[in-house]
Amino acid sequence: MKVTPIKDYREPRYPTIAEIDSVDLSRVPTRWQNLKAVAASLGAAAMTLKAISIEAAETTSLATTVERGGEYPPSTSTSSINLVKVTDVCPLPPEKIAGDGRGAFGCVAINPPVMLPEGEALDIIEAEFKKRGIELVDGLELKGVKAPPRGKEAEKYRQTVADFVKKGGKYDSCATSKGAPLPLVKRNWRADFGTKDGKIVVEYVSQRDEGVWNKSRLSGGGWCSVSSYDIRGAAARVVEGASARTEGEPVTVGVFYDPVASLPMARKKDGSIDWETERKKPHLSWEECRAKGKAIAVEQLKAQIESFFRYLAKKNASHAASH
């Protein structure tokens, strides 16, 4: 027999799934059909090759590379577990409709604001949710939220005013936060309300809550005859802290706050108070001013709640179906 070198041949490769399934690969030559061991070995080899090919195909289809901060190829699946937002927090509505949530009491308070009693505010929230077919229950707890530390843990973050100012900090003895609130740390947090199924959580930030979320880490400061409050700022910290929750059952969080309403005052184009116009207004007693201010606060709180339900509807939340 003369040996002749092969001049051209195909590069060896694994057979495709289609090739493995074809009759050519599965057929056993006639002279081997009576050799059961050979037939069995060929069958096992074919099954093994098919398994390898399937695994390779699946790996190729699922392979992604992280490049320049993104994923390639980009994922188009909306059911991926990584795309599920565990905690969906409704943004605070604009101050124009919700109130700025800021005010001061003391010698500089020309137009003293009206703060809603916390109990009344919570009753309003419950009633507004009930109108939309949603029953709220008290005190729903969330795990993994970020909130100001308490007790001994809070002491770890204490700092003197002298050290704070030395490092360039700006200190305001009349502000609740004094320019340096405690940091937010991961811990369990109990909100004011929630639904029985735990899908909606509601928190109302009151004057008392402002002292918790904006609590200063500074010690050794001075005394001030004016008390100022930034309740909307505290509510923004609640939004930030709740948004940090990344584990557990999906939940939608609504954060409302005391609008700290005041009677509107006439303003000039530059934003300053138009005292001439103010003097022409009919004089109101303290009780009348307070009643009108409270009415404004109630409407602004209801506007916050309305904004939350619009947010739910936009997100196609099942709870907004009755709205």
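Procedures and definitions
Residues numbered from 1 in each chain as written. Predicted model: local features only at pLDDT ≥ 70, side-chain atom pairs only at ≥ 80, totals over all residues. Heavy atoms only, no water. Helix = DSSP H or I, 4+ residues; strand = E, 2+ residues; numbered from the N terminus. Buried < 20%, exposed > 50% of the residue type's maximum accessible area, 1.4 Å probe, protein only. Core = buried A, V, L, I, M, F, W, Y, C linked by side-chain atoms within 4.5 Å. Contact = heavy atoms within 4.5 Å. Pairing = 2+ DSSP bridges. Axes fitted to C-alpha atoms, helices over the stretch in contact; angles between N-to-C directions. Phe/Tyr/Trp six-rings, centres within 6.5 Å; stacked < 30°, edge-to-face > 60°. Lys NZ or Arg CZ within 6 Å of the ring centre and 35° of its normal. pLDDT = per-residue confidence, 0-100. Polar contact = N/O pair within 3.5 Å; in protein donor to acceptor, adjacent residues only side chain to side chain. Patch = residues over 30% accessible without salt bridge, like charges linked within 9 Å, V, L, I, M, F, W, Y side chains within 5 Å. Areas by Shrake-Rupley, 256 points an atom, 1.4 Å probe, with all protein chains shown as cover. Salt bridge = Lys/Arg side-chain N within 4 Å of Asp/Glu carboxyl O. Lys, Arg positive; Asp, Glu negative; His and termini not counted. Charge placed at Lys NZ, Arg CZ, Asp CG, Glu CD. Expected span 1.5 Å × (residues − 1).

Counting through the fold element by element, Ile-200 comes out in strand E10 (residues 200-205). For Ile-200, a relative accessible area of 0% gives the class buried. Ile-200 sits 51 residues away from Val-251 along the chain, and the two C-alpha atoms are 5.6 Å apart.

This part is about the nonpolar core. In this structure, Val-205, Val-253 and Val-255 are the most contacted members of the largest nonpolar core, which totals 26 residues. Of all elements in the fold, only strand E6 (141-147), E10, helix H9 (231-243) and strand E13 (251-257) reach the threshold of two or more residues within this core. The greatest single-element share of this core, amounting to six residues, is contributed by H9. Contacts of Val-255, omitting those with residues within four sequence positions, involve Val-89, Leu-92, Glu-203, Val-205, Ala-235, Val-238 and Val-239.

In this section: the sheet that holds E10. Spatially, E3-E13-E10-E9-E5 is the arrangement adopted by the five strands of the open sheet, whose pairing is mixed. Of all the strands in the sheet, just strand E3 (87-89) and strand E5 (137-138) have a single pairing partner and so form its edges. Of the strand pairs in this sheet, strand E9 (residues 193-194) and E10 are connected by two bridges, and their pairing is antiparallel. When the bridges of E10 are listed, Gly-194 appears paired with Val-201. Of the strands in this sheet, E9, E10 and E13 touch helix H5 (residues 118-131), which is tilted by about 150 degrees from E10. Its contacts with the sheet put H9 on E3, E10 and E13, and the angle it makes with E13 is roughly 170 degrees.

For the structure shown, the criterion picks out six aromatic pairs. Arranged with centres 5.6 Å apart and planes meeting at 80 degrees, the rings of Phe-308 and Phe-309 form a pair that is edge-to-face. With respect to burial, Phe-308 and Phe-309 carry one shared label: buried. Put simply, the rings of Phe-129, Phe-256, Phe-308 and Phe-309 pair up and form one aromatic cluster. Positioned above the aromatic ring of Phe-309 is the side chain of Arg-132, whose terminal nitrogen or guanidinium carbon lies 4.6 Å from the ring centre.

In this model, the chain carries an average pLDDT of 74, and 60% of its residues clear a pLDDT of 70 or more. In the model, residues 20-27 has pLDDT below 50 throughout and makes eight contacts with residues more than four positions away in sequence or in other chains. Overall, residues 51-83 carries pLDDT values under 50, and its contacts beyond four positions in sequence, including any with other chains, amount to 13 contacts.

Among the structural elements, Tyr-257 can be located in strand E13. By relative accessible area, which is 0% here, Tyr-257 ends up buried. Counting along the chain gives 139 residues from Tyr-257 to Glu-118, while the straight-line C-alpha distance between them is 9.9 Å. Aside from chain neighbours lying at most four places away, what touches Tyr-257 is Leu-92, Ala-98, Gly-99, Asp-100, Gly-101, Tyr-204, Val-205, Ile-231, Arg-232, Ala-235, Leu-301 and Gln-304. Of note is the side chain of Tyr-257, whose polar atom sits 2.6 Å from the side chain of Arg-232.

Here we come to the side chain of Asp-88. Considering the arrangement of structural elements, one finds Asp-88 in strand E3. On the basis of relative accessibility, which here comes to 11%, the residue Asp-88 falls in the buried class. Within the local environment of Asp-88, its side chain forms a polar contact with the side chain of Tyr-311, the two groups lying 2.6 Å apart. Not counting chain neighbours up to four residues away, the residues in contact with Asp-88 comprise Val-251, Thr-252, Val-253, Tyr-311 and Lys-315.

A few words now on unusual backbone geometry. Positive phi outside glycine occurs at Val-260, with the angle close to 50 degrees. Along the chain, Val-260 falls in the loop between E13 and helix H10 (275-280). With a relative accessible area of 3%, Val-260 lands in the buried category.

On the surface, a cluster of negative charge is contributed by Asp-123, Glu-126, Glu-135 and Asp-138. Given a relative accessible area of 62%, Asp-138 falls into the exposed group.

Take H9 next. Counted at 1.5 Å a residue, the expected span for H9 with its 13 residues is 18 Å, and the 18 Å between its end C-alpha atoms agrees. By the criterion of burial, H9 is predominantly enclosed, with 10 of the 13 residues buried. Within H9, the full set of buried residues consists of Ile-231, Arg-232, Gly-233, Ala-234, Ala-235, Arg-237, Val-238, Val-239, Gly-241 and Ala-242. Between the side-chain oxygen at the start of H9 and the backbone nitrogen of Gly-233 there is a gap of 2.9 Å, and the oxygen is on Asp-230.

Overall, the coordinates contain 11 salt bridges when judged by the stated rule. Its salt-bridge partner being Arg-102, residue Asp-230 comes within 3.4 Å of it at the nearest N-O pair. One end of the pair, Asp-230, is in strand E12 (residues 227-230); the other, Arg-102, is in strand E4 (residues 102-105), and 128 residues separate them in sequence. Arg-158 is the salt-bridge partner of Glu-155, the closest N and O atoms lying 3.8 Å from each other. Salt bridges here are not isolated pairs; linked through shared partners, they connect Glu-128, Lys-131, Arg-132, Glu-306 and Arg-310.

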